[in-house]
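Letter by letter, the chains look like this.
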Amino acid sequence: MSDIPQYHLVINGESCAPASGEYADVINPATGEVVGSAAMGGAADVDQAVAAARAAFNQREWREMPPAERSRLLYQCAQLVLANAQELIGLEISCSGATLNRASNLDIPAVADLWMNLAEAVKVYPFVEAQSPRPLPEQWHSQVWKEPVGVCGLITAWNFPLLLYSWKVGPALAAGNTIVIKPSEMTPTSSIRLTEILQEVLPPGVLNIVNGDGPSVGDAMTLHPDIDKISFTGSTRVGKIVQTNCATTMKRCTLELGGKGPGIVLPDADLDMVAQGSLWAVYMNAGQACESGTRLLVHEDVYDELLEKLAARSAEVVVGNPADPATGVGPMSTEAHFHKVMGYIETGVAEGARIVCGGEPAEVPGCEGGFYVQPTVLADVTNDMRVAREEIFGPVLAVIRYRTEEEALALANDSDYGLSAGIWTTDLIKAQRLARDLRAGSVWINDWHMMRTDAPFGGYKQSGYGRELGRYSIDSYVETKSVSMSFERVPQKKAMQRIVHTKMA
Ligand code: NDP
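For clarity, every value in this text was computed on a predicted model and none was experimentally measured. What you see as residue numbers is a count from 1 along each chain, following the sequence as written. For this predicted model, a pLDDT threshold of at least 70 governs which residues receive local features, and a threshold of 80 or more governs which side-chain atom pairs are given and counted, while totals over whole chains, interfaces and linings are taken from all residues. As a convention, hydrogens and water are excluded, and side-chain values are obtained from all of the structure's heavy atoms.

(A) Spatial organisation of the sheet that holds strand 5 (residues 34–39). Spatially, the 3 strands line up as an open sheet ordered 1-5-4, and their pairing is mixed. At either margin of the open sheet sits one strand with a lone partner, and together these are strand 1 (6–7) and strand 4 (23–27). Strand pairing is assigned whenever DSSP detects at least two bridges linking the two strands. The numbering of helices and of strands both runs from the N terminus, where a helix is a DSSP run of H or I of at least 4 residues and a strand a run of E of at least 2. Across 5 bridges, strand 4 lies against strand 5 in antiparallel orientation. Bridging across to strand 5, Ile27 finds its partner in Val34.

(B) Highlighting a nonpolar patch on the surface. The patches reported here contain residues having more than 30% relative accessible area and no salt bridge. Joining distances are 9 Å for like charges and 5 Å for nonpolar side chains (Val, Leu, Ile, Met, Phe, Trp, Tyr). Residue-level accessible areas treat just the shown protein chains as cover; the underlying method is Shrake-Rupley with a 1.4 Å probe. Salt bridge, as applied in this entry: a Lys or Arg side-chain nitrogen positioned within 4 Å of an Asp or Glu carboxyl oxygen. A grouping of Ile4, Ile27 and Val34 is seen on the molecular surface, where their side chains present a nonpolar patch of about 190 Å² in accessible area. Assignment of secondary structure puts Ile27 in strand 4.

(C) Inspection of unusual backbone geometry at higher detail. Positive phi is not limited to glycine here, since Arg60 has a value of about 75°. Take Arg60: it is sitting in the loop between helix 1 (43–58) and helix 2 (67–83). At Leu469, a position not held by glycine, the phi torsion is positive, near 80°. Its location among the elements puts Leu469 in the loop between strand 22 (464–465) and helix 15 (470–475). With a relative accessible area of 3%, Leu469 lands in the buried category. Burial here depends on accessible area, computed with a 1.4 Å probe over protein chains only, as a share of the maximum for the residue type. Under 20% is buried, over 50% is exposed, and the range in between is partly exposed.

(D) Up close: the nonpolar core. To form a nonpolar core, buried Ala, Val, Leu, Ile, Met, Phe, Trp, Tyr and Cys residues must be joined to one another through side-chain atoms within 4.5 Å. Core analysis: the largest hydrophobic core is formed by 66 residues, its most contacted members being Trp115, Val169, Leu173 and Leu198. Listed by contribution, the elements that provide at least two residues to this core are helix 2, helix 3 (85–96), helix 4 (100–124), strand 8 (151–155), helix 5 (161–174), strand 9 (178–182), helix 6 (189–198) and strand 10 (207–209). The domain boundaries here were taken from an automatic or database domain assignment. No fewer than three residues from each of domain 1 (6–257 + 463–482) and domain 2 (262–445) sit in this core. Among the nonpolar cores identified, the runner-up in size contains 58 residues, and Leu266, Ile345, Val377 and Val399 belong to it.

(E) Summary view of the sheet that holds strand 7 (residues 140–148). If you walk across this open sheet you meet the 3 strands as 6-7-23, and the pairing is antiparallel. A single partner strand is all that each edge strand has here, and the edge strands are strand 6 (128–130) and strand 23 (478–486). Averaged over all pairs of adjacent strands, the angle between strand axes in this sheet comes to 20°, irrespective of strand direction. The pairing of strand 7 with strand 23 spans 9 bridges and is antiparallel. Opposite Trp140, over in strand 23, you have Ser486 as the bridge partner. Here the axes come from fitting lines to C-alpha atoms, over the contacting stretch only for helices, and the angles between their N-to-C directions go from 0 to 180 degrees.

(F) Inspection of the site of the ligand at higher detail. What makes a residue near a molecule or strand is one non-hydrogen atom of that residue sitting within 4 Å of it. Inspection of the region around the ligand gives 32 residues, with Thr156, Trp158, Ser235, Leu257 and Glu391 positioned closest. Two N or O atoms count as a polar contact when they lie within 3.5 Å, although within protein this holds only if one can serve as hydrogen donor and the other as acceptor, and sequence-adjacent residues are included solely when both atoms are side-chain atoms. With respect to the ligand, the backbone of Thr156 contributes an N or O atom lying 2.7 Å from an oxygen atom. Taking Trp158, its side chain carries an N or O atom lying 2.8 Å from an oxygen atom of the ligand. When isolated, the ligand has an accessible area of 900 Å², and the protein chains bury 91% of it. Contributing elements (two or more residues each) for the shell around the ligand: helix 7 (214–222), strand 11 (229–233) and helix 8 (236–247). No other element matches the 4 residues that helix 7 contributes to the shell around the ligand. Gly counts as polar in this scheme, as do all residues outside two lists: the nonpolar Ala, Val, Leu, Ile, Met, Phe, Trp, Tyr, Cys and Pro, and the charged Asp, Glu, Lys and Arg. Class assignment of the residues belonging to the shell around the ligand gives a composition of 16 nonpolar, 10 polar and 6 charged. Counting the residues that make up the shell around the ligand, at least three belong to each of domain 1 (6–257 + 463–482) and domain 2 (262–445).

Laid out in structure tokens, this is it:
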């Protein structure tokens with residue numbers, strides 16, 4: 001018998017095999033080794049999971065739980081994440097190639113913080129809001145109620161499995177929904193394990209997980225007549241399929257999609273700060289982050305000087321085994337993705353870009369089967385090149401020259417995407433003005449990835465719509481109901497009704 005751990009579906013509080021009986025290998029991108037075997041669900045499993053979630057929703061206990069009690073439960077979820085942190089960190093590293101640094105210093109603290117934040121937010125969330133009463137002649141009071149949407153289908157990408165899971169599961173639970181979640185089939189182990197762990201405090205059927213490939217499980221969810229809402233994180237290409245599918249039953253839908261973050265470097269910027277910060281912007285998680293700063297727009301006066309500093313700083317970045325604390329940049333998530341990133345570098349050069357540093361596969365001793373790319377800076381990029389327009393999702397920075405601020409703004413906004421953008425300058429008043437004109441959901445000044453669990457995150461344009469994180473994320477998981485009550489008992493005094501009852505005395 002193999003000692004490779006198996007990861008199952010979780011439906012109605014129980015771990016179970018998929019209807020097909022099929023399991024697929026989970027590959028460690030750092031080494032190419034098999035680290036797990038995960039259940040491959042299909043439409044029949046989605047049906048079962050949705051039925052369990054619907055039953056749990058209809059039972060009322062969950063959706064009518066007082067906010068204070070739900071808050072306690074969300075705290076318990078945070079504590080369970082912390083209590084199981086070492087196991088979850090290990091799985092995050094081995095399934096997704098997250099570095100030890102990232103998983104322990106960013107992901108786990110942020111996940112726990114997010115659940116704790118929601119525990120606070122749910123206590124004060126305006127589930128019922130009174131409107132000011134209508135004046136005489138007839139008294140009329142209205143309230144606005146925020147109710148859970150129902151059964152939510154959540155679909156996540158492979159780049160930050162635990163974070164993306166929590167960004168969706170946390171607020172959906174806070175609002176009183178029940179859930180079927182599908183992680184990426186490439187990185188399912190940490191999400192499945194966290195789902196098992198959270199069963200300890202959640203009623204059966206409230207949180208179900210069905211791993212499986214995108215087209216089969218994803219389509220089954222997005223077309224399912226008994227799922228009320230889909231929240232999706234992934235590529236803009238698949239986001240369009242999801243939105244189309246959701247339209248068939250008018251499901252509520254929020255989409256967190258790709259990005260091509262522009263950073264504008266003004267000539268007064270501190271170039272050492274820019275060199276370090278703009279590489280952090282693009283090399284974090286080896287560039288496999290939707291909000292990465294992948295286009296650096298540099299004023300002609302400082303262009304050459306900054307390129308030199310970028311090359312020097314980039315050469316210091318340690319590419320290596322993600323489990324090694326000295327590693328700053330780990331592997332690409334899969335072999336196919338590695339080839340895609342290398343292909344983009346070749347395309348950039350063919351289109352006229354110049355490699356300033358990197359540009360080759362990286363050798364990592366002891367990890368010969370892994371999928372590593374050297375941190376790469378491309379100069380002489382123009383905004384019409386594919387490396388400036390498309391998401392590479394690797395450690396590749398495209399540096400573009402500009403002459404005027406107007407040109408820089410136009411270049412920054414000349415993109416299908418609008419997720420993140422940044423400004424590097426010592427003139428903070430100017431930075432505020434530029435921030436106003438940048439068409440992006442997050443604007444960062446003199447740093448990057450400044451995401452907070454209590455500030456909204458999401459896209460403009462083809463980066464999607466809806467906001468995640470903090471109390472804003474609860475808004476995405478509620479329906480809004482208006483309830484009005486008349487206090488006028490005398491029929492003749494109901495003024496509006498005279499529109500029909502014209503003969504009323
Ligand atoms: P994909 O769009 O390929 O996949 C995302 C998820 O959708 C996966 O679970 C995938 O399953 C699933 N899927 C695939 N086909 C379908 C379908 N027909 N119906 C429903 N679901 C489907 O994205 P990646 O996983 O490659 O993730 C990278 C992308 O995610 C990048 O574009 C990145 O920018 C974006 N992203 C956006 C974020 C944001 O907050 N804006 C955050 C993180 C990433 P499977 O993998 O099993 O095939």
